[in-house]
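Tertiary structure, described
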Amino acid sequence: MCASYSSVHRLHRCSELTRCAFAGNADGRRLASGSTDKALRLWVPEKDNKSMELKGHQSEVSRIRWDPTHPERLVTCSASINANRDTGVYFWDVRQAKATAVVETDGENINMVWSPDGKTVVVGNRSDTVKWIDVDTKTVVNTIKNAKETNEAVFSHNGSVLVTPHDGDLGITAFPSGDHLHTVEVSPVATITTDLDPRGRYLAAGSNDATVTLWETEEWTCVQSINGHDDPIRSCLFSHDGNYLASTSSQSSILISEVPSGRKAQSLPTIGVCDVIAWHPNKLLLAYASEELDVGSKRPSGAFRIWGL
């Protein structure tokens, strides 16, 4: 159990429009944010409140993932279904002012994960179609059309296993062969988000029944259910040391739970619904953004906050 907690201690303004995506890079120096104004912004939170803006998307920036092998590279996509439908997966290098490559997909991309070796990006869309993108050649090398609702996947730390939610189950497959290894029945309703703890011992799964479950990864048995939310889970992430799990739902708060006991360590009230969070890779710092409105204009503030332990 933690002895004390600091309050929110820093505020950064992302955009006057709604923030859609949020992620920190491998060395912890940069945060990236995406908004409905089609811009990707890069921040150095411990230095100042200024950002570097990168443009190229034709619609909102909905998902961001950093290259796990390189702190200067990242990839983005859009889930947009409006008239400016943006179907590309954009590769960026922060040392350049524009995208280094754009790989066309079927569009409406709602989830994305980068393999630990940095060689493959797996992206899924609203139609439950998953594409594997070869990072070196910037080409789609595999397309999988799923009959069930398919949500955010996670790789094992050595990249040899891919765990993908299909409705309320987890499909565990070998990567890159795709051979089926195991199915875990998580929930009677859809499982939306997953994360693997840094030691690879536990996998967290957040579902539409407002529950986050912890699964040990040897026998794939459930060791804990976290029931501190009242609404469908939107995200769950382990801290860098694996001792804490942050989770968010459709309600206005973030729950910090101890691992593996599931005991509540802290509940962070947010101003509006919060569904995007990012732990620092080697400190107990949690960055988050919510649907917060500016007090004066009543427009989305675009602010993100950093909470420290």
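Residues numbered from 1 in each chain as written. Predicted model: local features only at pLDDT ≥ 70, side-chain atom pairs only at ≥ 80, totals over all residues. Heavy atoms only, no water.

Attention shifts here to the packing of aromatic side chains. What the rule picks out here adds up to 4 aromatic pairs. Taken together, a centroid distance of 6.1 Å and an interplanar angle of 15° make the contact between Tyr 90 and Trp 92 stacked. Overall, Tyr 90 belongs to the buried group, its relative accessible area being 6%. Put simply, the rings of Trp 132, Phe 155 and Phe 175 pair up and form one aromatic cluster. Sitting above the plane of the Phe 91 ring, Lys 138 keeps its charged end 5.0 Å from the centroid. (Phe/Tyr/Trp six-rings, centres within 6.5 Å; stacked < 30°, edge-to-face > 60°. Buried < 20%, exposed > 50% of the residue type's maximum accessible area, 1.4 Å probe, protein only. Lys NZ or Arg CZ within 6 Å of the ring centre and 35° of its normal.)

On the secondary structure map, Glu 53 appears in strand β5 (residues 51-55). The sequence separation of Glu 53 and Ala 32 amounts to 21 residues, and the corresponding C-alpha distance is 9.8 Å. Contacts of Glu 53, omitting those with residues within four sequence positions, involve Ala 39, Leu 40 and Arg 41. Side chain to side chain, Glu 53 and Arg 41 meet in a polar contact 3.0 Å long. (Helix = DSSP H or I, 4+ residues; strand = E, 2+ residues; numbered from the N terminus. Contact = heavy atoms within 4.5 Å. Polar contact = N/O pair within 3.5 Å; in protein donor to acceptor, adjacent residues only side chain to side chain.)

With that settled, the discussion passes to the pattern of salt bridges. Counted under the stated rule, the structure contains 13 salt bridges. One salt bridge connects Lys 55 with Glu 53, and the closest N-O pair in it is separated by 3.4 Å. Since its relative accessible area comes to 55%, Lys 55 is described here as exposed. You can call Glu 53 partly exposed: its relative accessible area is 39%. The shortest N-O distance in the salt bridge between Lys 131 and Asp 106 comes to 3.7 Å. Residue Lys 131 is found in strand β12 (residues 129-134), and its partner Asp 106 is found in the loop between β9 (101-104) and β10 (109-114); the two are separated by 25 residues along the sequence. Owing to a relative accessible area of 38%, Asp 106 belongs among the partly exposed residues under this scheme. (Salt bridge = Lys/Arg side-chain N within 4 Å of Asp/Glu carboxyl O.)

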